[in-house]
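# Structural description and commentary
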Amino acid sequence: MHLSESVSTGFFFLAPWLVFAPLTGLLINLIFSKWFKFSENWVGAVASLASGAAFVVSVLLAYSVSLNHGEVVRWKLAEWIHVGTLNLDWTFRIDSLSTTMMLVVSGVGTLIHIYAIGYMHEDVRFKHEEGRFNRFFLFLNLFIAAMMILVSGDSYMMLFVGWEGVGLCSFLLIGFWFEMDTLARPSWANSNAAKKAFITNRVGDFGFLIAGFLMFWYLGSFQFDEVFKAAPEIAHSMPWVIVAITLFMLVGVAGKSAQIPLYIWLPDAMAGPTPVSALIHAATMVTAGVYLVTRSAPLYTLVPQAQYIVAMVGAGTALFAATIAVGQYDIKKVLAYSTISQLGFMVAAVGMGAYVAGMFHLITHAFFKALLFLSAGSVILGLERGHHAHAHHVAHDDHGKKKKEGKHALSKAEGRKEEEHGHGGGHDEHGEVFDPGDMRNMGGLRKTMPVTFWLYMIGTLALAGIFPFAGFWSKDEILLDASLHFTSVYWQLTIAAFFTAFYMGRQIWMVFFGEARTDAAKHAEESPKVMTVPLMVLAVLSVAGGALNLPFEGFHNLGHWLGHTLGEVEGLPLDMKVAGISTGLALLAILISWFLYGRNPLKTGEIDPLKKPLGPIFTGMEGKWFVDEGYFAVIINPFNKISQFLADVIDWRFWHDFVHDTVILGTYNWLSEIALNEYADQKGIDGFANWLGSATQSVSATLRKVQNGFVRSYALSVLLGVVLILGYLILK
Amino acid sequence: MVPVNYYVALSAILFSIGALGVLIRRNPLIIFMSIELMLNAGNLAFVAFGRSYEIAGGQPFFSGQIFVFFVIAVAAAEVAVGLALIVEIFKTRKNINIDELNSLKG
Amino acid sequence: MNSDIVVFLVLSLIAISSALGMMFSRNAVYSALFLVLNFITVAVFYLLLGAPFIAMSQITVYAGAIMVLFLFVIMLLGAENLAPSKSLPWQKPLAYILAFVLVVESVYLVISRAQVDKFISSPEASLNSMDNLREMAMTLFNQYLLPFEITSILLLVAMVGAIVLTKQEKGEQK
């Protein structure tokens, strides 16, 4: 344990509280909320405070690191695994990289906790499941704890524990409404989404584990410093080992950070409540892969081939997902594909070795994507409020009419039906499905939800990379790095950036401009303060986040800060050509989107104006390029067929019908019925037992006559005995 | 001078008569009396044997007599209970013929 | 034949004949009276054998208390005579045969196995004095104290048992 002298001056002793603080919140809510009947606000306050405490600890730790001039501090909490040559401790690694991640996770996490108090209050109310409020916050706190383990771990194993922990929380939270679905899909749609996420992540984890095995076998350790120390020698003698480790690790990254080919789970993960989408599936958990690559920078730097593959995967994902986002109608799906695309940017950046740029984009993306998601949640809830109010109004009228006509005929079924109206606003008065997340149901929300509109605008501009919002600076840095070394990556990312601006513009025009296309949109209401205030904080960060690493002489603050861990790199100055092209393309994309969606707003029931000119291309975008179907055709269906074959033919027909029924059961039947039953049992054992019984019966039938009930005859036999005994004595 | 054997023989005869009485009479009261007779026969043998084994000073062996004493006490107890039983049987069955009390017939 | 033998034989004759009389009397009251006679005879034998205390107990307890009880019950139940029944036809002859065999066997045993040198003289004066009684009491209350106490408990139990058996249950109609 390398404890430097200055430890006593810092706050490093607080490191375990990164994990313990959220766990404490979790335990308080778990154990005491039922006893003391915590109200919703109490539960939310406890959870938010727990997360906030983690944030405070993160701030103190970051301060301590800066006091220490970025020196790595490893704070050992407990011994963990000591087997043979493997010595693993539960050690927190506190350096500039991990504290940066901690700040992002706990900071954004705390804001989302606060937002969730308002959001979940309405969500559970709309879904008539108010008992779930507490459970949601338990999961959120658990997630924060797991994520802290992930980012603060000092070894790949500890990182893996956090990695799996956040995967579990992701699973739990995607399937939060596991038994109900408000969009008239099958009720298992949500739980299937959760399972899809979990299983897809398993594929990635498989890669991670293989990487871990290789690492242990050839490098002999899991601890970061030891691995990095041993790596160059191995890279010299057996370069393929490092290539294999990094590429298998890339599989894990692809799973967790939703890269090609394992990104498919992330859009479905939008089934979870919106704060979850914002926290886990946009801001923090999905960036774990980026963090992993950044953390493993010394390994990747050794093998440029692997770096190139990582960059290509990232760039490909960025472009691919961006095109899909153009064809989506669900407000959260658009953001989900946008997230995949932006994660592609980050992965491409870290793949190119531009770790600072990648981390920079990770941070700003956390700000503005959380902002966008949470605003989208606000929009959805606003629509639900509008729908609820409207549907209730109509249903009430309807109800009254029927009452007049039907006298006493108001059946129970009708009463039930009326109850169902309330369910999440999912069904309107005619039982039709209303999807509050579908952008075609929106329109004109600028007027009814002004605060949300402005917040959403800020997020959109940041994401689109418009000067001077945060996204501009971070995206530009990535593009600049790419333009210097990887031309193909650069062009892919630039086109992706163009699409990004386009689909965000499309979204803005569809959601907030034009006329309301449904009654719900017409009656939409603004969200309460508890939701909008965290959004404002995030909006400020989205605007000013670029200041973290301005590309001017004397700035590059984040670069210097991370340089303590990743090695100092020279900050690149702003390149007007790169910045100009990307900004110009973004503005052009927004203009085109205005031309298509803003000038002539979509009417109710109208098809997307892109559908006609683009034809099959748009159908492809709409259908997500049919990747899911491809997976079905290539993997899942054959798998089903094989399991069907195994179950039906091998197991049922061969194993069950033939081996069990015919061979084993037949032999057994023959044995038991003929050999054992008829001969051994019935004739042998039964015969003997029956003989015993009848013999006893006949003997006793004879003997019972002796027992005649006359006491004198008994006495006579006694005397007979006496006489006989005496006779024996005489004759002896 | 009477030999002890005479007393013992007399005791045996009385005992046999008692046993015969138990066997041939149907009146439970007489059966009872026969049993008393048999006990008496036994007592006589006790006392006779006790007398024949003299201890020092011409004193007889008192244990024989003490046994008789106990037998008398036990016989008294037996008669008390036995007669109570007979009375009770008579009360329920209005008949004390021993041959009709055969409800335990197998 | 000395006088002792004569007395013994006469008394034996009385004892045996009274026993037979008890057994064969049709009337149960006669049986009881014959038995009293038998008991008295046996009491005289006890006196002859130098056991005056036992003789007195015999007369008071047996001939007095027990037989009075018997007579009382006989008369109470009206069981002097019982109607003859033919339930066990082979019982009687078999009983005679067995009793006869028993007598023969036991007398044979007595004669063949007894010590011939044991004679019982007529009781001396000292034997019937208070010394005799005191010695017997000493034996009874020292050596046989525990059986004595147990006997007293037995008598108590018999007393309680007799009361319980004949007691009329509450609510039971006669």
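Since the structure is predicted, the reported quantities are computational estimates derived from the model, not experimental observations. (Residues numbered from 1 in each chain as written. Chains lettered and ligands numbered in written order. Predicted model: local features only at pLDDT ≥ 70, side-chain atom pairs only at ≥ 80, totals over all residues. Heavy atoms only, no water.)

## Some thoughts on the overall build of chain A
A tally of regular secondary structure across chain A gives 28 helices and 2 strands. Of all intrachain contacts in chain A linking residues separated by at least 6 positions in sequence, the fraction that spans at least 24 positions is 80%. For chain A, the exposed surface amounts to about 31600 Å²; the carbon and sulfur share of it is 68%. (Helix = DSSP H or I, 4+ residues; strand = E, 2+ residues; numbered from the N terminus. Contact = heavy atoms within 4.5 Å. Areas by Shrake-Rupley, 256 points an atom, 1.4 Å probe, with all protein chains shown as cover.)

## Points about the interface of chain B and chain A
Much of the literature gives interface size as the accessible area that the parts lose upon coming together. Each partner contributes residues to the interface: chain B has 14 residues there, and chain A has 10 residues. Taken together, the two surfaces of chain B and chain A that pack against each other cover about 1000 Å², and 63% of this comes from carbon and sulfur. The interface formed by chain B and chain A includes 0 salt bridges. On the surface where chain B and chain A come into contact, there are 2 residue pairs in polar contact (both at pLDDT 80 or more). By residue number, the principal contributor to the side of chain B that touches chain A is helix H1 (residues 4–24) of chain B, which donates 4 residues. (Buried area = accessible area lost by both parts, 1.4 Å probe. Salt bridge = Lys/Arg side-chain N within 4 Å of Asp/Glu carboxyl O. Polar contact = N/O pair within 3.5 Å; in protein donor to acceptor, adjacent residues only side chain to side chain.)

## Quick word on the confidence of the model for chain A
Residues and elements named next belong to chain A. In this model, chain A carries a mean pLDDT of 85, and residues with pLDDT of at least 70 account for 92%. The lowest-confidence element of chain A is helix H16 (residues 412–421), averaging 40 in pLDDT; the highest-confidence one is helix H5 (residues 156–174), averaging 93. Low pLDDT, under 50, characterises residues 1–7; the stretch is placed with 14 contacts to residues that sit more than four places away or in other chains. Counting contacts from residues 399–431, a segment whose pLDDT is below 50, to residues more than four positions away or on other chains yields 31 contacts. (pLDDT = per-residue confidence, 0-100.)

## Digging into the confidence of the model for chain B
Averaged over all residues, the pLDDT of chain B equals 85, while 92% of them reach at least 70. Among the prediction metrics, the complex's ipTM stands at 0.88, with pTM recorded as 0.64.

## A word on a nonpolar patch on the surface
Residue and element names in this part refer to chain A. Together, Ile-642, Phe-645, Leu-646, Ile-650, Phe-654, Trp-655, Phe-658, Val-663 and Ile-664 make up a nonpolar patch on the protein surface, roughly 860 Å² of accessible area in all. Structurally, Ile-650 is set in helix H27 (residues 627–703). Taking the relative accessible area as the measure of exposure, Ile-650 reaches 36% and is therefore partly exposed. (Patch = residues over 30% accessible without salt bridge, like charges linked within 9 Å, V, L, I, M, F, W, Y side chains within 5 Å. Buried < 20%, exposed > 50% of the residue type's maximum accessible area, 1.4 Å probe, protein only.)

## Overview of the interface of chain C and chain B
Counting residues at the interface gives 83 residues for chain C and 71 residues for chain B. Between chain C and chain B, roughly 7300 Å² of surface is buried when both sides are summed, and carbon and sulfur atoms account for 75% of that area. Counting the surface chain C buries against chain B, the share from its top three residues, Met-23, Phe-70 and Ile-120 of chain C, is 9%. Linking chain C to chain B there are 0 salt bridges. Of all the secondary-structure elements, those providing two or more residues to the side of chain C that touches chain B are helix H1 (3–24), helix H2 (28–48), helix H3 (52–77), helix H4 (91–113), strand S1 (119–120), helix H5 (130–142) and helix H6 (145–166) of chain C. Here the side of chain C that touches chain B gets 13 residues from one element, more than from any other, and that element is H3 of chain C.

## So, helix H10 (residues 274–283) of chain A
Across the 10 residues of H10 of chain A, 10 count as buried, placing the element largely inside the fold. Within H10 of chain A, the full set of buried residues consists of Thr-274, Pro-275, Val-276, Ser-277, Ala-278, Leu-279, Ile-280, His-281, Ala-282 and Ala-283 of chain A.

## Thoughts on the pairing of strand S1 (residues 73–83) of chain A
All names here are of chain A. Pairing of S1 with strand S2 (residues 86–94) involves 9 bridges; the strand directions are antiparallel. When the sheet's bridge partners are listed, Ile-81 is paired in S2 with Leu-88. In textbook terms, the turn of a hairpin is the stretch between consecutive antiparallel strands, and for S1 and S2 this stretch comprises 2 residues, one of which, Gly-84, has a positive phi near 55°. (Pairing = 2+ DSSP bridges.)

## Re the nonpolar core
In this structure, Tyr-156 and Leu-445 of chain A are the most contacted members of the largest nonpolar core, which totals 211 residues. It is helix H15 (residues 355–406) of chain A that contributes the most residues to this core, 20 residues altogether. The residues contacting Tyr-156 of chain A, other than those within four sequence positions of it, are Phe-208, Met-215, Phe-222, Phe-224, Val-227, Phe-228, Met-249, Leu-292, Ser-296 and Leu-299 of chain A. Counting residues in each nonpolar core, the second largest holds 78 residues, with Leu-23 and Ala-41 of chain B together with Val-29 and Phe-70 of chain C among its members. (Core = buried A, V, L, I, M, F, W, Y, C linked by side-chain atoms within 4.5 Å.)

## Description of the pattern of salt bridges
Residue and element names in this part refer to chain A. Per the stated rule, a full pass over the model turns up 15 salt bridges over all chains. Two residues, Asp-648 and Arg-653, come together in a salt bridge whose shortest N-O distance is 3.2 Å. The exposure class assigned to Asp-648 is partly exposed, which follows from its relative accessible area of 30%. Judged by its relative accessible area of 48%, Arg-653 is partly exposed.

## Remarks on the environment of Ala-349 of chain A
On the secondary structure map, Ala-349 of chain A appears in helix H14 (residues 331–351). If sequence neighbours within four positions are ignored, Ala-349 of chain A has contacts with Ala-354, Tyr-355, Ala-357, Gly-358 and Ile-478 of chain A.

## Topic: the environment of Ala-539 of chain A
Residues and elements named next belong to chain A. Its place among the elements puts Ala-539 in helix H22 (residues 529–544). With a relative accessible area of 4%, Ala-539 lands in the buried category. Sequence-wise, Ala-539 and Trp-454 are 85 residues apart; in three dimensions their C-alpha atoms are separated by 9.3 Å. Excluding residues within four positions of it along the chain, Ala-539 makes contact with Leu-371, Leu-455 and Ile-458.

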